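# Residue-level structure breakdown
So the chains spell out like this:
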Amino acid sequence: MTDDREAAHAAHDDESGLGERERSLLAVERRSWPGPGAKERAVRERLGLSPTRYYQLLNALLDDPRALAHDPVTVNRLRRVRAERQQRR
């Protein structure tokens, strides 16, 4: 049964049109992190990206309608955070 659920989830991911890297970026943002530096360390180790590049890719992904369809809660939360930061500038 687990294999069936995983296969259905993978098929759904393929339908979203997002690649593995884009899904991984959103997965990192979906998690909560225990302390400063843990997220950046995970980005380097799991994704092989510098934190700067990670945030560049993530920012671009937030404007992608496929990302919104894939994970609307995370994308909308990040869009709100981004808008608040832009207003403070």
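Before any of the text, the structure's been laid out above.
Criteria and thresholds
Residues numbered from 1 in each chain as written. Predicted model: local features only at pLDDT ≥ 70, side-chain atom pairs only at ≥ 80, totals over all residues. Heavy atoms only, no water. 1 Å grid on protein atoms, 1.4 Å probe; cavity = no way out; pocket = protein on both sides within 12 Å on 5 of 7 lines; lining within 4 Å. Points joined across faces, edges and corners; volume = space filled by probe spheres on them. Helix = DSSP H or I, 4+ residues; strand = E, 2+ residues; numbered from the N terminus. Nonpolar A, V, L, I, M, F, W, Y, C, P; charged D, E, K, R; others polar. Axes fitted to C-alpha atoms, helices over the stretch in contact; angles between N-to-C directions. Parallel < 35°, antiparallel > 145°, perpendicular 65-115°, else oblique. Contact = heavy atoms within 4.5 Å.

What follows is about the layout of surface pockets. Over the atoms, a rolling probe the size of a water molecule traces out where space has been left empty. There is about 370 Å³ of room inside the largest pocket. Taken together, 13 residues form the lining of the largest pocket, with Y55, N59, V81, R82 and R85 sitting closest to its centre. Those elements giving two or more residues to the lining of the largest pocket turn out to be α4 (51–61) and α6 (72–88). The greatest single-element share of the lining of the largest pocket, amounting to six residues, is contributed by α6. Looking at side-chain class alone, the lining of the largest pocket contains five nonpolar, two polar and six charged residues.

Here the focus is the packing of helix α2 (residues 20–30) against α4. The N-to-C vectors of α2 and α4 enclose an angle of 100°; their axes lie 10 Å apart at closest approach. Between α2 and α4, the crossing angle belongs to the class labelled roughly perpendicular. Touching R21, E22, L25, L26, V28 and E29 of α2 are Y54, Y55, L57, L58 and L61, all from α4. Looking at side-chain class alone, the contact of α2 with α4 contains eight nonpolar, no polar and three charged residues.

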